[in-house]
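Structure at a glance
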Amino acid sequence: MATNGRQRSTNWKALMDRGPLTPNELPNRGTRRSYKDRMNGMCVFNPGSRNGGSSLSGTGQTTIVYYITDHHEPEEILDKWYSVNKDKLEDFSEKAIHYRVSEYGKKFREASYEKFGPISTPGCGGANKDYRDQKCKKCGEVFTGQFAKHLPKCSGR
Ligand SMILES: [Zn+2]
């Protein structure tokens, strides 16, 4: 395979070129991170996998995302992870997702806050936008919760 790079794997290079990737998107699918990959900063983003009984349990296995630490920004890692797990995550509150993402440290916590926050708590004053009734602009139906959940049932497409 790669004859020139004796240290960097094909998977590692793909991450550098193409951004955070799922295991199936790697050129050498099914390979595990080698020791050198780890030493070269190849990391796994998999919130909710730590501490048994996480608040994201029940998602089934979420798809993990590989990235290169100090090269990829938390925002793009988070976006990638969210986009490949969207259907699994839509049953969870933004608060639960934010809580688990925050385990990855301050940078991820801040990126997560940008994406999911500000986090409001239902029952503590202000109505949470995710739990409010909304009228669909496409079909006119009133639904409760996130638009992403209504979409599969939407008749206005
Ligand atoms: Zn609709």
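Because the structure is a prediction, the values reported are computed rather than measured.

The rules behind these values
- Within every chain, residues take consecutive numbers counted from 1 along the sequence as written.
- pLDDT decides what is reported in this predicted model: residues at 70 or higher carry local features, side-chain atom pairs at 80 or more are listed and counted, and totals for whole chains, interfaces and linings draw on all residues regardless.
- Think of pLDDT as the predictor's per-residue confidence, scored from 0 to 100.
- Any residue pair is listed as a contact if its two C-beta atoms, each placed from the backbone, are within 7 Å.
- Nonpolar cores are built from buried Ala, Val, Leu, Ile, Met, Phe, Trp, Tyr and Cys residues. These are joined into a set through C-beta atoms within 7 Å.
- Backbone-placed C-beta atoms define the burial measure: a residue is buried with 20 or more other C-beta atoms within 10 Å of its own, exposed with 12 or fewer, and partly exposed in between.
- Secondary structure elements follow DSSP: runs of H or I of four or more residues count as helices, runs of E of two or more count as strands, with numbering from the N terminus.
- Note: the arc covers the axis-to-C-beta directions of the helix.
- Note on geometry: axes are lines fitted to C-alpha atoms, helical ones only across the stretch in contact, with angles between N-to-C directions running from 0 to 180 degrees.
- Angles below 35 degrees are treated as roughly parallel, those above 145 as roughly antiparallel, those between 65 and 115 as roughly perpendicular, and all remaining angles as oblique.
- Two helices crossing with the near one rotated counterclockwise from the far one by less than a right angle form a left-handed crossing, whereas a clockwise rotation gives a right-handed crossing.
- For this scheme, ten residues count as nonpolar: Ala, Val, Leu, Ile, Met, Phe, Trp, Tyr, Cys and Pro. Four count as charged, namely Asp, Glu, Lys and Arg, and the remainder, Gly too, count as polar.

**Concerning the confidence of the model for the chain**
- Residues of the chain with pLDDT of at least 70 account for 78%, and the chain-wide mean is 80.
- Every residue in residues 1-5 is under pLDDT 50, and counting partners more than four places away or in other chains gives two contacts.

**Concerning the nonpolar core**
- One finds Val-65, Tyr-67, Ile-77 and Leu-78 to be the most contacted residues of the largest nonpolar core, which totals 15 residues.
- Discounting chain neighbours no more than four positions away, the residues touching Val-65 are Pro-20, Leu-21, Thr-22, Phe-45, Ile-77, Lys-80, Trp-81 and Val-84.

**Re helix H6 (residues 106-116)**
- For H6, the complete set of buried residues consists of Phe-108, Ala-111 and Ser-112. Along H6, the residues classed as buried sweep out an arc of 100 degrees about the axis, all on the same side. Among the exposed residues of H6, those pointing more than 90 degrees away from its buried face are Lys-106 and Glu-114.
- Contact partners of the buried residues in H6: helix H3 (74-84) and helix H5 (94-101).

**Details of the packing of H3 against H6**
- Contact geometry of H3 with H6 gives a least axis separation of 9 Å together with a crossing angle of 60 degrees. Relative to H6, the element H3 is oriented oblique. For the pair H3 and H6, the crossing hand works out as right-handed. Residues Pro-74, Glu-75 and Leu-78 of H3 lie in contact with H6, whose contacting residues are Lys-107, Phe-108, Ala-111, Ser-112 and Lys-115.
- Its residues assigned to classes, the contact of H3 with H6 comprises four nonpolar, one polar and three charged.

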